[in-house]
Amino acid sequence: MGTAPNIDYTLMNTRFGLGGQIVFKEGAGGMPLVMVTNSQAHAQISLQGGQLLRWTPGGQRPVIWLSPQAPANGKPWRGGVPVCWPWFGPHATETHGPTHGFARTSPWEITATARLPQGATRLWLRLITQTDTQSWWPHATPLTLQITVGTKLEMTLTTQNNTDIPLTLSDALHTYFAVSDVRQIKIHGLAHGTYLDKTAGGTRHSQQGPVTITAETDRVYVDTLTDCLIDDPLWRRRIRVAKRGSRTTVVWNPWEEKAAKMGDLGPQGYLNMVCVESANALENTLTLAPGEQHSLWVSYSCEEFKPRT
Ligand code: TA6
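Residues numbered from 1 in each chain as written. Predicted model: local features only at pLDDT ≥ 70, side-chain atom pairs only at ≥ 80, totals over all residues. Heavy atoms only, no water.

**Student:** I keep staring at the sheet that holds strand β6 (residues 108-115) and nothing clicks. Help me out?
**Tutor:** Where strands meet in a sheet, backbone hydrogen bonds hold them as pairs that are either parallel or antiparallel. The 8 strands are arranged β6-β7-β8-β9-β22-β18-β17-β13 in an open sheet whose pairing can be described as antiparallel. Of all the strands in the sheet, the pair left with one neighbour each is β6 and β13 (186-188). Strand-to-strand, the axes of this sheet are offset by a mean angle of 15 degrees, without reference to chain direction. Where strand β18 (residues 237-244) lies against strand β22 (residues 293-304), 8 bridges are found, and the strand directions are antiparallel. Residue Arg 244 lies in a different strand from β22, and its bridge partner there is Trp 297. (Pairing = 2+ DSSP bridges. Helix = DSSP H or I, 4+ residues; strand = E, 2+ residues; numbered from the N terminus. Axes fitted to C-alpha atoms, helices over the stretch in contact; angles between N-to-C directions.)

**Student:** Can you help me understand the nonpolar core in this one?
**Tutor:** It is characteristic of soluble globular proteins that their nonpolar side chains tend to be buried jointly. One finds Leu 52, Phe 177, Ile 187 and Val 274 to be the most contacted residues of the largest nonpolar core, which totals 71 residues. Sequence-distant contacts of Val 274, defined by excluding residues within four places in its chain, comprise Thr 175, Tyr 176, Phe 177, Val 179, Val 182, Ile 185, Ile 187, Ile 213, Ile 230, Val 251 and Trp 252. By size, the runner-up hydrophobic cluster in this structure holds 9 residues, among which are Cys 84, Val 220, Val 222 and Ala 281. (Core = buried A, V, L, I, M, F, W, Y, C linked by side-chain atoms within 4.5 Å. Buried < 20%, exposed > 50% of the residue type's maximum accessible area, 1.4 Å probe, protein only. Contact = heavy atoms within 4.5 Å.)

**Student:** What is the right way to look at the state of the cysteines in this model?
**Tutor:** Here, disulfide denotes a covalent bond that connects the sulfur atoms of two cysteines. Inspection of every chain in the model, using the stated rule, returns 0 disulfides. Note on Cys 275: no disulfide assigned, nearest cysteine sulfur contributed by Cys 84 at a separation of 9.1 Å. In this structure Cys 275 comes out as buried when scored by relative accessible area, which is 0%. (Disulfide = S-S within 2.5 Å.)

**Student:** It is not clear to me how helix α1 (residues 9-16) should be interpreted in this structure. Could you clarify?
**Tutor:** Residue pairs spaced three or four apart in an α-helix point in one direction, given the helix's 3.6 residues per turn. If you check which residues of α1 are buried, you get Tyr 9, Met 12 and Phe 16. Burial along α1 is one-sided: seen end-on, the buried residues are contained in an arc of 60 degrees. Among the exposed residues of α1, those oriented more than 90 degrees off its buried face are Thr 10, Leu 11, Thr 14 and Arg 15. Those residues of α1 that are buried lie in contact with β1 (22-26), β2 (32-37) and β6. Taking the backbone nitrogen of Thr 10 as reference, a side-chain oxygen 3.2 Å away marks Asp 8 as the first, capping residue of α1. (Arc of directions from axis to C-beta. Polar contact = N/O pair within 3.5 Å; in protein donor to acceptor, adjacent residues only side chain to side chain.)

**Student:** Any chance you could explain the pattern of salt bridges here in plain terms?
**Tutor:** Pairs can form between side chains of opposite charge once their charged atoms are near each other. Under the counting rule described, the total for this entry stands at 10 salt bridges. Across the pair Arg 240 and Glu 303 runs a salt bridge, and its minimum N-O distance is 2.5 Å. Here the residue Arg 240 occupies a position in strand β18, and Glu 303 occupies one in strand β22, the gap between them amounting to 63 residues. One salt bridge in this structure joins Lys 261 and Glu 257, with 3.8 Å as the shortest N-O distance. In this pair, Lys 261 and Glu 257 are both assigned in helix α2 (residues 255-262), 4 residues apart and thus about one turn of the helix distant. On the basis of relative accessibility, which here comes to 67%, the residue Lys 261 falls in the exposed class. By relative accessible area, Glu 257 is classed as exposed at 61%. A network of salt bridges, in which partner residues are shared, links Asp 227, Arg 240 and Glu 303. (Salt bridge = Lys/Arg side-chain N within 4 Å of Asp/Glu carboxyl O.)

**Student:** Got a minute to help me understand the sheet that holds strand β4 (residues 51-57) in this structure?
**Tutor:** As summarised here, the arrangement of the 4 strands in space is β1-β2-β3-β4, forming an open sheet in which the pairing is antiparallel. Since the sheet does not close on itself, it has two edges, and those belong to β1 and β4, each with one partner. Across the sheet, the axes of successive neighbouring strands diverge by a mean angle of 15 degrees, strand direction being ignored. Summarising the sheet, strand β3 (residues 41-46) and β4 pair through 6 bridges and their orientation is antiparallel. Bridge pairing in β4 places Ala 41 opposite Pro 57. Where α1 meets the sheet, its contacts fall on β1 and β2, and the angle it forms with β1 comes to roughly 170 degrees.

**Student:** Sorry, what's going on with the side chain of Ser 106 here?
**Tutor:** Mapped onto the fold, Ser 106 is located in the loop between β5 (83-84) and β6. A polar contact is formed between the side chain of Ser 106 and the backbone oxygen of Phe 102, at a distance of 2.7 Å. If we ignore the near neighbours within four places in the chain, the residues touching Ser 106 are Leu 47, Gln 48, Gly 49, Gly 50, Leu 127 and Gln 130.

**Student:** What is the right way to look at the side chain of His 91 in this model?
**Tutor:** Mapped onto the elements, His 91 comes out in the loop between β5 and β6. On the basis of relative accessible area, His 91 is assigned to the buried category, the value being 16%. At a separation of 3.0 Å, a polar atom in the side chain of His 91 contacts the main-chain amide nitrogen of Thr 93. Of note is the side chain of His 91, whose polar atom sits 2.9 Å from the backbone nitrogen of Glu 94. Apart from the residues lying within four places of it in its own chain, the contact partners of His 91 are Gly 97 and Trp 136.

Keep in mind that these numbers describe shape and distance, not what the molecule does.
See below:
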């Protein structure tokens, strides 16, 4: 894991604090955190990993799930919105390459903050280039993340190819959504889509109806552009997952046995989370021409649950 630069919290609060709307502070294990509070929502971001950890719009339960266990041994936080980049899953050739790339374990910095006219708060983050990741990715490809905290949570992950060769890469916002009981939810928006089932050797299947989760689920839906709706009848809530610049949706829940082996989900944690990830992965991997830029945009919002007939 890359080392975070020494942070002068007083200076950061003066420079980017927007009069107290944004507060920089040291979290558990010395991890730099950014707390965002405005009239619409509350959020928390870790500068280690550029990882949004919490987002709670006014009047709602938390929308993003975060493990009660702080990360150990250089791992990213379990939960929130890990940034997977510039590869998804294991590295294609390097066995020591970290799963899902190095962005989620590298330090990021804030480059700007702003109050938006309707009351939301926007933050701009940039991945700090580390020398120890050069062997896996020696390319000049600045990576930025724009986060808007309001009644909606919007995130834009932008990769810029500053080299003079075409580059192939994957990206994902590996979002953990908080749910009442994963066995009760339905995920709409993927019906008739094709998915690769990672619990069954990557075999291809066609989705029939909404996705329900009653066992380990690890599916990569390819060529999917539509919004997903996570219907949660017990909490009377529907989470809308809208996206642009993403051709892949991943649905993941480790279920009981795998969760127990992972050790950082907390007791019964797997029942209260589901990952619905907006990505460009596997057969939807991106190729960026020299000078080209790609943005992956997501928007999350809550609606009242209405049973479907
Ligand atoms: O996106 C699903 C997935 O790739 C699963 O295969 C699963 O292992 C998960 O991500 C979590 O990966 P992590 O490296 O965070 O343990």
